[in-house]
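In case you want the letters, here they are:
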Amino acid sequence: AQTVTQSQPEMSVQEAETVTLSCTYDTSESDYYLFWYKQPPSRQMILVIRQEAYKQQNATENRFSVNFQKAAKSFSLKISDSQLGDAAMYFCALSGSARQLTFGSGTQLTVLP
Amino acid sequence: ETGVTQSPTHLIKTRGQQVTLRCSSQSGHNTVSWYQQALGQGPQFIFQYYREEENGRGNFPPRFSGLQFPNYSSELNVNALELDDSALYLCASSLYPGGAGEHQYFGPGTRLTVT
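Treat the numbers as computed from the prediction; the structure is a model and nothing was measured.

Attention shifts here to the overall build of chain B. From N to C terminus, chain B includes zero helices and eleven strands. Taken from N to C terminus, the helices and strands of chain B fall in the order β-β-β-β-β-β-β-β-β-β-β. Taking 2.2 N^0.38 as the reference for a compact globule, 115 residues should give roughly 13 Å; the C-alpha atoms of chain B span a radius of gyration of 13 Å, in line with that estimate. C-alpha extents for chain B along the principal axes are approximately 40 × 25 × 25 Å. Within chain B, contacts between residues at least 6 apart in sequence are counted, and of these 54% link residues at least 24 apart. Carbon and sulfur atoms provide 48% of the accessible area of chain B, an area that totals close to 5300 Å². The centroid of the 7 positive side-chain charges in chain B is displaced by 8 Å from the centroid of its 9 negative side-chain charges.

Following this line, the structure appears as structure tokens:
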């Protein structure tokens, strides 16, 4: 069984500052992918960034980057230069050989002007 | 490129009734997954359809069933509705084979309320 844990129900950041969202996971598979999704009030789940477990290099997408610690089963998301539009619920998710996404409980990010 | 669409947007049903939710997958995608998202929680995997066959199921009872059509659109049916079925139902489409890292594109969801 796969599990994903997000221990920060809520986080806030000042506009233009940097924030890090935490995620830990557990899986018995060796080949898997990790994702961060953003869900704004419009409810549509949007992919932010994706990491392949066999790649040591951390993924980056513009202002978004991850810190992937495979041995510790940790996968945190760093948002640099935070913008008001970044405010949303962020979900960490895991996909293995069954191609089913297992989600964490989410972190509500507030961006303060 | 047409994105994933879902209908209806909102739905109110009475306990014991049956409901059908619909999903049109993104153009070119052959796989549809359904997720249930209770208020304040992360989505839970219900099942996945690939080429009109169920291709994996989460921990949901048989009263949750689905269909996928030749054009890869899909339906989620829930019989004997219970109050705990109140949730946002998300549909996601993807292209298989794409591996575990395939990008699942989500629709805006259907908000189901059971009274």
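Next up on the list: the state of the cysteines. Counted under the stated rule, the structure contains two disulfides over all chains. Linked covalently through their sulfurs, C23(A) and C92(A) form a disulfide whose S-S length is 2.0 Å. As the torsion about the S-S bond is roughly -70°, the C23(A)-C92(A) disulfide counts as left-handed. Taken together, the residues C23(A) in the loop between β3 (19-21) and β4 (24-26) and C92(A) in strand β10 (residues 88-95) connect sequence positions 69 residues apart. We note that C23(A), like C92(A), is buried. Two residues, C23(B) and C91(B), share a disulfide whose sulfurs are 1.7 Å apart. Because the torsion about its S-S bond is -55°, the bridge between C23(B) and C91(B) counts as left-handed. Of this pair, C23(B) sits in strand β3 (residues 19-24) while C91(B) sits in strand β9 (residues 87-94), placing them 68 residues apart in sequence.

Turning to the interface of chain A and chain B, a few remarks are in order. On the chain B side, the residues contacting the 20 residues of chain A number 31 residues. Between chain A and chain B the total buried area reaches about 1900 Å² when both faces are included, carbon and sulfur atoms providing 49% of it. By the criterion of area lost to chain B, the three top residues of chain A are R43(A), R99(A) and Q100(A), representing 41% of everything that side buries. In this structure, the connection of chain A to chain B is made through seven residue pairs in polar contact (both at pLDDT 80 or more).

It is possible for side chains of opposite charge to pair when their charged atoms get near one another. Across all of its chains, the model carries seven salt bridges over all chains by this definition. The shortest N-O distance in the salt bridge between E52(A) and K55(A) comes to 3.0 Å. The exposure class of E52(A) is buried, given its relative accessible area of 18%. Since its relative accessible area comes to 41%, K55(A) is described here as partly exposed. Of the charged contacts, one joins R63(B) and E82(B) as a salt bridge, the two residues approaching to 3.3 Å between their closest N and O atoms. Remark: E82(B) occurs in the loop between β8 (74-78) and β9 and R63(B) occurs in the loop between β6 (53-57) and β7 (64-68); sequence separation between them is 19 residues. Assessed through its relative accessible area of 39%, E82(B) is described here as partly exposed. Connected through salt bridges with shared partners, the residues R63(B), E82(B) and D85(B) form a single ionic network.

A word on the pairing of β10(A). All names here are of chain A. A large share of β10 lies buried, amounting to eight of its eight residues. Pairing of strand β5 (residues 33-39) with β10, which is carried by seven bridges, proceeds in the antiparallel orientation. In the sheet register, W36 faces β10, and the bridge partner there is C92. Note that β10 and strand β12 (residues 107-112) share three bridges and pair antiparallel. Considered in β12, the bridge of Y90 is made with T107.

About the cut-offs
- Residues numbered from 1 in each chain as written.
- Chains lettered and ligands numbered in written order.
- Predicted model: local features only at pLDDT ≥ 70, side-chain atom pairs only at ≥ 80, totals over all residues.
- Heavy atoms only, no water.
- Helix = DSSP H or I, 4+ residues; strand = E, 2+ residues; numbered from the N terminus.
- Rg over C-alpha atoms; globule rule 2.2 N^0.38 Å.
- Contact = heavy atoms within 4.5 Å.
- Areas by Shrake-Rupley, 256 points an atom, 1.4 Å probe, with all protein chains shown as cover.
- Lys, Arg positive; Asp, Glu negative; His and termini not counted.
- Charge placed at Lys NZ, Arg CZ, Asp CG, Glu CD.
- Disulfide = S-S within 2.5 Å.
- Buried < 20%, exposed > 50% of the residue type's maximum accessible area, 1.4 Å probe, protein only.
- Buried area = accessible area lost by both parts, 1.4 Å probe.
- Polar contact = N/O pair within 3.5 Å; in protein donor to acceptor, adjacent residues only side chain to side chain.
- Salt bridge = Lys/Arg side-chain N within 4 Å of Asp/Glu carboxyl O.
- Pairing = 2+ DSSP bridges.

Just distances and angles here, no functional claims.
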